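# Structure assessment
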Amino acid sequence: MCAWVFLSLVVLQGVHWFFRQEFSFQNLLSHLGFILGVFGLAWVLERLFSKNPLIDQLGGVLILGVSAAIYLQSRSTLGAWLLLISGWAVLIWLEARLSGNSSAWRRAAFKLLIAGIAGAAAIAVLQIEERFSEEEFFAAIQLGVMSFNWLVISLAYRQWSQAKGSPAMKGNASRTWLVLSLVGFCALGSFYTLSVYQNSFFPQEAPTFEGISNITPFICGQSAAEANTYQGREVFGRLVDLIESSPQKTVPEFGVLALAKNEAAWARRFHDELLNEARQMLFTQRENSVKYGQCLAAQRVYYYWLVSQSNPSLFNTEEKKVISEWFSAVNRRALSIGWVDWFYAIAFSHWPSGPYENQECGAGLLAILEVSGLGDPALAVQNREYLAKNPRGWLERFRNTDDTYNYQVEWLRNAWYQYLYWHQADPVNVQLSFEWFLLQALPDGSPLRYNHYAASSAAEMGYWAGNLSSEAAGGQSQAVSILRQDFGEVAMWLSGRAVDYMEAQGQYPGAQPGLERSTEMLGRSMGWGSCLMFGNSGLPNRAGPLAPDKIVFRNGWQDDSLYLLLNLRFTGWHRYKATNSIVLIYQNKPIASEIHLGKPFSWLPVGRSLLRDKRNPRENLNSLLVRRTGLSAAVHALTGIGSPWAQDPPFYAEVERFETGPEMDQSRTMISGWRGWQQGRGILFDHRGPVVIVDQVKGPDNGRAAISWHFMGPLTQQANGRYQLGEGRGSTEVLFIRYDGRLAQDELHEAWLEESGYTELIYAPKQRGSFSLLTVLLPPGWAGSQASFLKDPTGAVLRLEKDGSQIDFKLAGYLDGSE
């Protein structure tokens, strides 16, 4: 027995080594105990139970049922190990019963089938428990590894069993019953798993907050308005000049230049580039896993339509025929069903169709093909039927439901194409769609990104919004006034601000509706302050409730104003594990940020290879980390895939408090029910600069949790336990303070992540269970402040003092026992 147990142990340890997990005696003992448990229980099932026919039939089911009940009641890691031991031992017993005295190839087939069931059952239960929080392809690899592990242990057990001289188990009259039962179990399990998966992207109910409604989903404070203004005509000229000088121009940018500059040279360049793509028949080939080409094709249709209207003689009859045939082929491809459409159909709970659901690219393409008259005439009825059955865009919502900032840009373009088709929209949705984007803009005009490597700027979007609020002309440009005038002024100001940044940093805008015409709109700053933002939830084809989205903190709109963005969600198709995580702290440059840059997963399909969405692990964020428990811990121990941190945070953080004031803005958000843990995260954002982030974490007495931070660039640890980011007078300091007043220096684990250029700091308290941590950010001007705890009539106070100035942060309501 020892030899076969040892062989199984070597294989399991080898799997861990293959997935680059460090060796640990705890893991070694877990593997050894698991193997012995499976061997022992399989022996009991095959030898002792076989003496009684009734027990032989029901014993395995009874043992599995008891272990499942124990796990469901306890949700403990020990219970998960018992469940896996029982399940795998029962499957060894089942495989022997099915194989019996069959031929060698049939025995091999049964063994492989049962191995697949062993992996699939474990991973299905795990995914249901974790609300399918892991990337689907990662789960598939876990399934394969678990199946391989079962196969190894099963073969080792069978060799040991036969070596003891025990006769091989023979099939009997119950084999048919076993096969039928197995088929039924697999069918019911698959159906239930699929049903849970389809409902795992968002919940049907979401937390609310007083004052938030579908009409007013944002609550914002005020900051000082800037005195400078931007003239729309000037902003237009600068944007066009930047596009003209861009080395990254493609057909849409040439279309903008042909319309905006009204010069024959740019019209001819657009003509040549578009015809080149038409002759290559781009966007008509099989799409495989990436259907984003439908968005790109829609841009070509849009600009060809506009340029042709403004310059009817630009294309001759033969060239128009080439382009018409191209767009007809694009139309046919958009309505064709590929293998990836079946994947989307399973997730989105509908019959597969060709138009791309994400960012409503498919609906946008069909809409602009129809409104321009450039679609395939033979498909006109099919195009219109799809649009009639799927009224989207501003008719349905104001925000793309993906948790990715730059996808709002794509969605707005497609909402615009659909608006041109329908000639109607919900005016509230139109207004809110631009507000949602611009309220998150960075104060110095820098582009913003989260959950994607690509950043989006307010330059193009702000100018478009300003244009939509200032013109009411008809004509082929379809210019309409559908945004409020005062909002358009702010949007134009933000566009000018972002253009300043682009010019200073050598960046370039891209094509966007609205950039093809000038406006006399005068851009003015309104001094938007910190904002609590709710948004649409759901999937492209299923609307969910209004739900928590982001909290934006800012103390102004100057170049050196401080900005903090807090994420409140883990929902949608393109979602990531950012519930109650700080996306970004920014002042002239990123201070702390999520890690969203990394090598693509080359073995995944192109559309799912980037480090984003569910592929970006929780430990890459600025957030609470909790250890895996239950089945998640057991499967991780057996496969070695992923990290020891749990990857299934709650859907939403509940907003318990949000207040803005003349000196300080505050929030408190709560996540709870996460493997027995809850986190109250308070943010006290003083307009003078310092920020205090209060994390109160409560959990099991024997559990372990941590707080992760990622600071841009190297940190220098000071003699007094502080960390300094940058050098000289422009440096920022960070303090980590326990509520008992001690600096948390000895419980911080620092690592320099060279590939991404971040310094990772993880606060992992030595004691198990609940803890509290205050992270104090001291920007330039407040670096070197002395921090102390005081008591006043309201409770505990954290006081910062420097050069005769002081700021008191009242902690009542943020920490238990601080009143």
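Refer to the structure above for everything that follows.
Below: a short report on this structure. Everything quoted here is computed from the prediction, not taken from an experiment.

Within the protein one finds 20 helices and 25 strands. Since a compact globule built from 819 residues should have a radius of gyration of about 28 Å, the 30 Å found for the protein is in line with a globular shape. Dimensions of the protein, computed from the C-alpha atoms along their principal axes, are close to 95 × 80 × 45 Å. Buried residues in the protein amount to 59% of all 819 residues. Across the protein, every contact between residues at least 6 apart in sequence was considered, and the portion connecting residues at least 24 apart equals 70%. Of the roughly 32100 Å² of accessible surface on the protein, 57% is carried by carbon and sulfur atoms. Seen as two clouds, the 70 positive and the 75 negative side-chain charges of the protein have centres 10 Å apart.

The interhelical angle for the contact between helix H14 (residues 361-372) and helix H15 (residues 380-389), taken along N-to-C directions, is 130 degrees, at an axis separation of 10 Å. Between H14 and H15, the interaxial angle falls into the category oblique. The two elements H14 and H15 cross, and the hand of that crossing is left-handed. Within the contact between the two elements, H14 uses Ala363, Leu366, Ala367 and Glu370 and H15 uses Ala380, Asn383, Arg384, Tyr386 and Leu387. Residue composition of the contact of H14 with H15, by class: six nonpolar, one polar and two charged.

Counting across every chain of the model gives two disulfides. Across the disulfide from Cys220 sits Cys531; the S-S distance is 2.0 Å. Between Cys220 and Cys531, the S-S dihedral sits near 115 degrees, and the bridge is therefore right-handed. Taken together, the positions of Cys220 in strand S1 (residues 218-222) and Cys531 in strand S4 (residues 528-535) put the pair 311 residues apart, joining distant regions of the chain. Numbered by position along the chain, the disulfide-linked cysteines of the protein connect as 1-4, 2-3.

Within helix H20 (residues 630-639), 10 of the 10 residues are buried, leaving the element largely enclosed by the surrounding structure. Taken together, the buried positions of H20 are Gly630, Leu631, Ser632, Ala633, Ala634, Val635, His636, Ala637, Leu638 and Thr639. Just past H20, the residue Gly640 takes up positive phi, approximately 75 degrees.

It is worth spelling out the sheet that holds strand S22 (residues 771-778) at this point. Spatially, S12-S13-S14-S15-S22-S19-S18-S17 is the arrangement adopted by the eight strands of the open sheet, whose pairing is antiparallel. The open sheet has two edge strands with one neighbour each: strand S12 (654-659) and strand S17 (715-717). Each neighbouring strand pair of the sheet contributes to a mean axis angle of 15 degrees, computed without reference to strand direction. Direction of pairing for strand S19 (residues 732-738) relative to S22: antiparallel, over a ladder of six bridges. If you follow Val734 over to S22, its bridge partner there is Leu777.

A word on the packing of helix H16 (residues 407-422) against helix H17 (residues 427-438). Following both chains from N to C, one finds H16 and H17 inclined at 160 degrees, their axes separated by 11 Å at the closest point. Here H16 is positioned roughly antiparallel relative to H17, judged by the angle of their axes. Handedness of the crossing formed by H16 with H17: left-handed. Each of Gln408, Val409, Trp411 and Leu412 in H16 lies in contact with H17, whose residues at this interface are Ser433, Phe434, Trp436 and Phe437.

The next thing to look at is unusual backbone geometry. The phi torsion at Phe283 lies on the positive side, around 70 degrees, for a residue other than glycine. One can find Phe283 in the loop between helix H10 (264-280) and helix H11 (293-310). Positive phi, close to 60 degrees, is recorded for Glu360, a residue that is not glycine. Within the secondary structure layout, Glu360 lies in the loop between helix H13 (339-348) and H14.

Here we come to the packing of aromatic side chains. Per the counting criterion, the structure on display carries 43 aromatic pairs. A ring pair is formed by Tyr302 and Tyr417, whose centres lie 5.3 Å apart and whose planes are at 45 degrees; its orientation type is tilted. With a gap of 115 residues between them, Tyr302 in helix H11 and Tyr417 in helix H16 connect regions that are remote in the sequence. No difference in accessibility class separates Tyr302 from Tyr417, as the two residues are buried.

Further remarks concern the sheet that holds strand S23 (residues 786-792). Spatially, three strands are ordered S23-S24-S25 in an open sheet, and the strand pairing comes out antiparallel. Either end of the sheet is taken by a strand with one partner, and the two such strands are S23 and strand S25 (805-810). Averaged over all pairs of adjacent strands, the angle between their axes in this sheet comes to 30 degrees, without regard to strand direction. In the sheet, strand S24 (residues 795-802) pairs with S25 via six bridges, with the strands oriented antiparallel. Its bridge partner lying in S25, Leu800 is registered against Ile807.

Moving on, we come to the environment of Leu753. When you line up the elements, Leu753 lands in strand S20 (residues 748-753). According to the relative accessible area criterion, Leu753 is partly exposed, its value standing at 23%. Taking the C-alpha atoms as reference points, Leu753 and Pro714, 39 residues apart in sequence, are found 9.4 Å from one another. Look past the residues within four positions of Leu753 in its chain and what remains in contact with it is Ile595, His710, Tyr758 and Glu760.

This brings us to a nonpolar patch on the surface. On the surface, a nonpolar cluster with roughly 470 Å² of combined accessible area is contributed by Leu62, Val66, Ile70, Leu78 and Leu82. No other element matches helix H3 (residues 53-74), which puts three residues into the nonpolar patch. Locating Ile70 in the fold gives a position in helix H3.

Turning our eyes to something else, we now look at empty space enclosed by the protein. In the structure shown here, the tally under the stated rule is six cavities of 30 Å³ or more. As a volume, the largest cavity reaches approximately 70 Å³. For the largest cavity, the lining is made up of 14 residues, of which Ala441, Leu442, Gly445, Ser446 and Ala458 are closest to its centre. Of the residues in the lining of the largest cavity, the class split is nine nonpolar, four polar and one charged.

What follows is about the pairing of strand S13 (residues 664-674). Buried residues dominate S13, accounting for nine of its 11 residues. Of the pairings in the sheet, the one linking S12 to S13 comprises five bridges and is antiparallel in character. Each residue of the ladder has a partner; that of Val655, found in S13, is Thr669. Between S12 and S13, which follow one another and run antiparallel, lie four residues. Where S13 lies against strand S14 (residues 677-686), nine bridges are found, and the strand directions are antiparallel. Bridge pairing links Ile671 to Gln679 in S14. Once S13 ends, the chain turns through two residues before running back antiparallel as S14, passing Arg675 with a positive phi of about 55 degrees.

Definitions and cut-offs
- Residues numbered from 1 in each chain as written.
- Predicted model: local features only at pLDDT ≥ 70, side-chain atom pairs only at ≥ 80, totals over all residues.
- Heavy atoms only, no water.
- Helix = DSSP H or I, 4+ residues; strand = E, 2+ residues; numbered from the N terminus.
- Rg over C-alpha atoms; globule rule 2.2 N^0.38 Å.
- Buried < 20%, exposed > 50% of the residue type's maximum accessible area, 1.4 Å probe, protein only.
- Contact = heavy atoms within 4.5 Å.
- Areas by Shrake-Rupley, 256 points an atom, 1.4 Å probe, with all protein chains shown as cover.
- Lys, Arg positive; Asp, Glu negative; His and termini not counted.
- Charge placed at Lys NZ, Arg CZ, Asp CG, Glu CD.
- Axes fitted to C-alpha atoms, helices over the stretch in contact; angles between N-to-C directions.
- Parallel < 35°, antiparallel > 145°, perpendicular 65-115°, else oblique.
- Left-handed = near helix turned anticlockwise from the far one by under 90°.
- Nonpolar A, V, L, I, M, F, W, Y, C, P; charged D, E, K, R; others polar.
- Disulfide = S-S within 2.5 Å.
- Pairing = 2+ DSSP bridges.
- Phe/Tyr/Trp six-rings, centres within 6.5 Å; stacked < 30°, edge-to-face > 60°.
- Patch = residues over 30% accessible without salt bridge, like charges linked within 9 Å, V, L, I, M, F, W, Y side chains within 5 Å.
- Salt bridge = Lys/Arg side-chain N within 4 Å of Asp/Glu carboxyl O.
- 1 Å grid on protein atoms, 1.4 Å probe; cavity = no way out; pocket = protein on both sides within 12 Å on 5 of 7 lines; lining within 4 Å.
- Points joined across faces, edges and corners; volume = space filled by probe spheres on them.

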